[in-house]
Number of protein chains: 2
Amino acid sequence: MAMSTNRSIAIVGSGAMGGYYGARLASAGFPTHFLLRGDYQAVRERGWTVKSCDGNFAVPADRLHAYRNPTDMPKVDLVVITLKTTSNGELRHLVWPLVGEKTILLTLQNGLGNEDELARHFGAERVVGGVAFVCINRTGPGIIDHISHGLIHIGDFVGGAEASRRVEEIAEDFRSAKIRCQAIPDLLSARWQKLVWNIPFNGLGAVLDMTTDRVLGSDTGRGLVSALMEEVVDGAMGQGLAMPAGIIEKQIGRTPEMGAYASSMQIDRQQGRPLEIEAILGEPMRRANHAGVPTPHLATLYQMAKMVDGERV
Amino acid sequence: MAMSTNRSIAIVGSGAMGGYYGARLASAGFPTHFLLRGDYQAVRERGWTVKSCDGNFAVPADRLHAYRNPTDMPKVDLVVITLKTTSNGELRHLVWPLVGEKTILLTLQNGLGNEDELARHFGAERVVGGVAFVCINRTGPGIIDHISHGLIHIGDFVGGAEASRRVEEIAEDFRSAKIRCQAIPDLLSARWQKLVWNIPFNGLGAVLDMTTDRVLGSDTGRGLVSALMEEVVDGAMGQGLAMPAGIIEKQIGRTPEMGAYASSMQIDRQQGRPLEIEAILGEPMRRANHAGVPTPHLATLYQMAKMVDGERV
């Protein structure tokens with residue numbers, strides 16, 4: 001499949017997500033610039049190796065550009081941001097060298113507040129957000145394991161006719177790189193729909209160190225998941241966002257097929273990494289409360305998650 | 001010190017608490033009958049050995065009576081119940097052989113609902129409750145380590161003039177056995193005051209596997225402890241119980257001097273034993289809610305504790 005534009009792309013935050021989507025884009029021929037830390041040497045020498053449920057592939061080192069330092073990178077047409085939200089304090093510093101007059105910033109990060117952060121530093125008119133439904137691991141330096149799914153929903157932060165055309169063009173480029181991608185009209189609503197799942201399973205998963213099957217393994221667990229989901233749905237609707245009917249039953253119902261799934265926050269806890277508490281739990285809670293929707297279960301979970309996170313050495 | 005009566009006593013639930021207080025009573029000369037499981041052989045052969053902050057002592061085997069089976073035991077004047085509340089299903093079966101016409105039942109168990117359980121089976125007029133402030137461990141078969149404190153507040157379940165005379169007599173007997181003991185007019189209020197501390201530190205201690213110093217080690221932790229304590233105080237006052245002014249500050253303030261203290265529920269979790277969730281968390285929550293007082297933080301904590309408890313193998 002040929003690429004539809006010759007858009008130049010930078011990937012900031014080249015963990016599993018950035019590595020996978022960036023490798024797809026580079027493989028399709030887009031000039032792709034990776035900002036790397038731990039994987040720099042491996043990717044510069046051997047490129048990316050991707051084991052994928054959609055077919056394995058590799059991107060040789062001469063088909064991509066690897067950097068250690070953002071000031072060495074060119075300005076690009078599109079910056080894809082997959083940085084962990086706990087590093088958002090570095091966003092401005094990492095992204096500004098890449099930003100030219102017409103550069104678009106696409107954040108695929110978790111939770112809420114990332115578009116706002118980018119808008120604050122670089123102007124809201126550049127900002128596009130995406131919600132990724134994908135299961136990927138980084139299994140070694142420059143080595144990615146794409147386990148399942150892969151769809152991205154992308155939408156403009158501000159909205160409007162021109163913006164939606166721009167988002168549609170990005171979606172086409174992504175599809176030309178074999179990335180399933182759909183432009184959506186309401187980004188914020190999509191983020192909240194994902195939070196309906198993420199808040200209980202990331203929050204309880206991290207605090208209780210339980211995989212999804214164990215969280216749902218008792219009436220009490222299912223009851224608490226439901227209660228948390230109801231607060232999230234109420235919080236979204238309290239802000240005037242549309243939520244599909246039956247979303248709670250649907251989100252709970254699709255979880256057992258994931259097996260003994262460890263949420264990203266549970267894995268972060270197990271590996272002693274910072275938890276994405278503010279993006280996934282704190283910011284949604286504050287927005288719901290600001291709209292007058294109480295979230296007592298979420299508030300307790302948020303505080304307990306902060307206590308767990310505060311104990312990292 | 002001479003004993004003031006010749007009251008015969010049975011100890012049901014001879015863990016650390018039952019062993020310690022029973023050993024004191026036997027040592028003072030009260031005919032004391034221990035219902036034992038794991039410690040039966042050791043206590044029958046070598047009696048109790050008590051290392052105590054108030055002075056070490058031992059009770060030789062010929063100064064006590066040890067049993068494996070309640071039906072082998074005599075009817076007594078006073079049954080002291082120190083069984084774990086998670087075994088309350090066995091209470092009726094264990095206690096009935098000891099109960100004669102005038103037998104008094106004194107429960108020193110944790111939390112709420114134990115007096116009610118005894119009253120249901122044996123009649124409310126027999127029931128006395130006690131709140132123990134004591135730090136004791138069982139360090140081996142028949143071996144007790146009394147680390148600090150030891151005061152018991154006891155009060156009648158039903159109340160009234162005759163009852164309070166009876167409670168005062170028990171308190172005198174206990175004091176004659178070198179057990180610090182005070183008769184109190186309002187047992188339920190005393191139980192709730194203890195719950196103000198027990199609910200946050202047992203609940204969070206078990207769910208997060210954190211000692212008291214770690215629970216209080218962050219602003220978030222202190223905030224969550226306060227929020228839980230407020231719900232407990234509101235729950236008590238919502239039922240018309242008196243709570244001392246400044247109790248929350250006092251209960252938090254006295255905690256740091258306990259050092260890295262592991263609550264009983266945290267230790268139960270670490271050792272894979274059932275957690276006393278209903279007595280310490282569930283019953284107080286239900287009573288507060290029944291009185292119209294919402295307890296959202298406690299409800300979340302209760303559910304998470306049940307999820308943790310449900311995972312014991």
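Located above this text is the structure these notes cover.
Residues numbered from 1 in each chain as written. Chains lettered and ligands numbered in written order. Predicted model: local features only at pLDDT ≥ 70, side-chain atom pairs only at ≥ 80, totals over all residues. Heavy atoms only, no water.

### A closer look at the overall build of chain A
Across its full length, chain A carries 12 helices and 10 strands. The globule rule puts the C-alpha radius of gyration for 313 residues at 20 Å, and the 19 Å found for chain A is close to it. Its C-alpha atoms put chain A at 55 × 40 × 35 Å along the principal axes. Counting across all 313 residues of chain A, residues that qualify as buried make up 57%. (Helix = DSSP H or I, 4+ residues; strand = E, 2+ residues; numbered from the N terminus. Rg over C-alpha atoms; globule rule 2.2 N^0.38 Å. Buried < 20%, exposed > 50% of the residue type's maximum accessible area, 1.4 Å probe, protein only.)

### Let's talk about the side chain of A:Glu276
All names here are of chain A. Relative to the elements of secondary structure, glutamate 276 occurs in the loop between helix H10 (264–270) and helix H11 (277–290). With no salt bridge to any partner, buried glutamate 276 finds its closest opposite charge in lysine 84, at an N-O distance of 5.6 Å. Within the structure, the side chain of glutamate 276 is placed 2.8 Å from the backbone nitrogen of threonine 85, a separation counted as a polar contact. Once residues lying within four places of it in the same chain are set aside, the contact partners of glutamate 276 are Lys84, Thr85, Thr86, Asn110, Met265 and Leu281. (Lys, Arg positive; Asp, Glu negative; His and termini not counted. Salt bridge = Lys/Arg side-chain N within 4 Å of Asp/Glu carboxyl O. Polar contact = N/O pair within 3.5 Å; in protein donor to acceptor, adjacent residues only side chain to side chain. Contact = heavy atoms within 4.5 Å.)

### Quick notes on the pairing of strand S3 (residues 48–52) of chain A
Residues and elements named next belong to chain A. A one-sided burial pattern is seen for S3, the buried positions being Trp48, Val50 and Ser52 and the unburied ones Thr49 and Lys51. A loop of four residues connects S3 with strand S4 (residues 57–59), the two strands running antiparallel in sequence, and glycine 55 in this loop sits at a positive phi of about 115°. Bridge analysis of S3 against strand S9 (residues 143–156) gives four bridges, and the strand direction is parallel. Residue pairing across strands places lysine 51 opposite aspartate 145, the latter belonging to S9. (Pairing = 2+ DSSP bridges.)

### Focus on the relation of the copies chain A and chain B
The transformation that overlays chain A on chain B combines an axial shift of 0.0 Å with a rotation of 180°, and the residual RMSD is 0.0 Å. Accordingly, the operation relating the two chain copies is best matched by a two-fold axis. Looking at the rotation axis and the C-alpha trace of chain A, the residue lying nearest is A:Pro296, at 2.8 Å. Mapped onto chain B, 100% of the interface residues of chain A are again interface residues, and the two copies thus contact each other with one and the same surface. (Least-squares fit on C-alpha atoms with pLDDT ≥ 70 in both.)

### Observations concerning helix H12 (residues 296–309) of chain B
Residues and elements named next belong to chain B. For H12, which comprises 14 residues, the first-to-last C-alpha distance of 20 Å matches the rise-based estimate of 20 Å (1.5 Å per residue) to within 8%. By the criterion of burial, H12 is predominantly enclosed, with 12 of the 14 residues buried. Listed as buried for H12 are His297, Leu298, Ala299, Thr300, Leu301, Tyr302, Gln303, Met304, Ala305, Met307, Val308 and Asp309. (Expected span 1.5 Å × (residues − 1).)

### Side note on the side chain of B:Asn114
Following the sequence through the fold, B:Asn114 ends up in helix H4 (residues 114–122). The residues contacting B:Asn114, other than those within four sequence positions of it, are B:Thr85, B:Asn88, B:Thr107 and B:Gln109.

### Digging into unusual backbone geometry
Residue and element names in this part refer to chain A. Residues other than glycine seldom take positive phi values, yet lysine 178 does so here, at roughly 60°. With respect to the helices and strands, the residue lysine 178 is situated in the loop between helix H5 (161–176) and strand S10 (181–183). Of the residues examined, lysine 178 reaches a relative accessible area of 55% and is grouped as exposed.

### Remarks on the pairing of strand S9 (residues 143–156) of chain B
Residue and element names in this part refer to chain B. S9 sits mainly inside the fold: 10 of its 14 residues count as buried. In terms of strand pairing, strand S8 (residues 127–140) meets S9 through 12 bridges, oriented antiparallel. Looking at S9, one finds that glycine 130 is bridged to isoleucine 154. Taking the residues that link successive antiparallel strands as the turn, the S8-S9 hairpin has two residues, and the phi of glycine 142 there is positive, at about 75°.

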